[in-house]
Amino acid sequence: QIVKGDIKCNGCLLSAKADGTDVRLVGWGFRHLYGTGIAPDGKLIAVMNGVDERGTRPIANDGDKIYVLDVSNPENWGKFYGWPDFFGYGQPVTDPQFQSPISNQSNSFLIKNHPPVEKPAQVVDVGSALTHITFTNSSKFGPTNMAFVGEYGTLAPQTHLTANSRFGMNVGSVMGQIIGQRVAIFDPSTFSERNFISLNTADGSFRPTGLKFSPDGNSLYIASIGLNEVRNFNTAGAPLGFT
């Protein structure tokens, strides 16, 4: 948290020189930034994981987000990106689509007076869990100036019980589905994204978290965190708090 004027800014993206000086606020109101990178045209690309549907304030149907920030323009610095009161494409938390069926109270704002909200360039499926970003550096590999984005994949049912996605919107619609667990290509100029590597069948061991092109640009290295298992009982055999 930092203070900007009379506003306490949470979820901040900061910049600084290599020696730690000249710390500046790039933007705030980010829920969970994971990957950032500078596109060949100088724009800053940042990916953020959407809110979880759990805890004392469960929010449903908030997909992960890709932001494109033109940091060459000083007027674009220090803007507000929504957290903790705006989700999706900058819609307020009071919108019925974000009401979770496991919550016994209506969603309400946590901040009294909001600055204007900056919208993301792209919102992907709930639970995709966007991770690292890297950019093509050679036409030998494929289209240049593209951002390659890792997607760890859903951790349902711990984090998401409902999803407004290609599988529909209902409790349990994310269970047993392949969501995320891929590498996507994002075009910063058109804000479009598409598959690069994805699964045909469920495989819990493919969880891309790190991406890097080789110096000659001919190879893309992908680091995966490995097998992830979701169980409804603990090691002693006792049931956990979800089914």
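Quick notes on the rules
Residues numbered from 1 in each chain as written. Predicted model: local features only at pLDDT ≥ 70, side-chain atom pairs only at ≥ 80, totals over all residues. Heavy atoms only, no water. Helix = DSSP H or I, 4+ residues; strand = E, 2+ residues; numbered from the N terminus. Buried < 20%, exposed > 50% of the residue type's maximum accessible area, 1.4 Å probe, protein only. Polar contact = N/O pair within 3.5 Å; in protein donor to acceptor, adjacent residues only side chain to side chain. Contact = heavy atoms within 4.5 Å. Phe/Tyr/Trp six-rings, centres within 6.5 Å; stacked < 30°, edge-to-face > 60°.

S.K.: Give a detailed account of unusual backbone geometry, specifying residues and quantitative values.
M.R.: Peptide bonds are trans in most cases, and residues, glycine excluded, mostly fall at negative phi. In this structure, Pro84 follows Trp83 across a cis peptide bond, with omega equal to 10 degrees. Tracing the sequence through the fold places Pro84 in the loop between β8 (79–80) and β9 (86–87). Of note, Asn61 is a non-glycine position whose phi angle comes to about 65 degrees, a positive value. When its relative accessible area of 8% is taken as the criterion, Asn61 is described as buried. In this model, Asn145 sits at a positive phi of 65 degrees, which is unusual for a non-glycine residue. Looking at where Asn145 falls in the secondary structure, it is placed in the loop between β12 (130–135) and β13 (147–151). Looking at Asn145, the relative accessible area reads 41%, which means it is partly exposed.

S.K.: Can you lay out the side chain of Asn107 for me, pointing to particular residues and giving the numbers?
M.R.: Considering the arrangement of structural elements, one finds Asn107 in the loop between β10 (91–92) and β11 (122–123). Residue class for Asn107 comes out buried when judged on its relative accessible area of 10%. Of the polar contacts made by the side chain of Asn107, one reaches the backbone oxygen of Phe98; its length is 3.1 Å. Setting aside residues no more than four positions away along its own chain, Asn107 makes contact with Pro58, Ile59, Val93, Thr94, Phe98 and Gln99.

S.K.: Can you tell me about the packing of aromatic side chains, naming the residues and giving the values?
M.R.: Two aromatic rings are characterised by how far apart their centres lie and by the angle between their planes. Scanning the entire structure with this criterion turns up 14 aromatic pairs. Ring geometry for Tyr67 against Tyr81: centres 5.3 Å apart, planes inclined by 90 degrees, an arrangement best described as edge-to-face. One end of the pair, Tyr67, is in strand β7 (residues 65–69); the other, Tyr81, is in the loop between β8 and β9, and 14 residues separate them in sequence. For Tyr67, a relative accessible area of 2% translates into the label buried. Here Phe141 and Phe213 contribute two aromatic rings whose centre-to-centre distance is 4.9 Å and whose plane-to-plane angle is 85 degrees, an arrangement assigned as edge-to-face. Note that Phe141 is positioned in the loop between β12 and β13 and Phe213 in strand β16 (residues 208–213), a separation of 72 residues in sequence.

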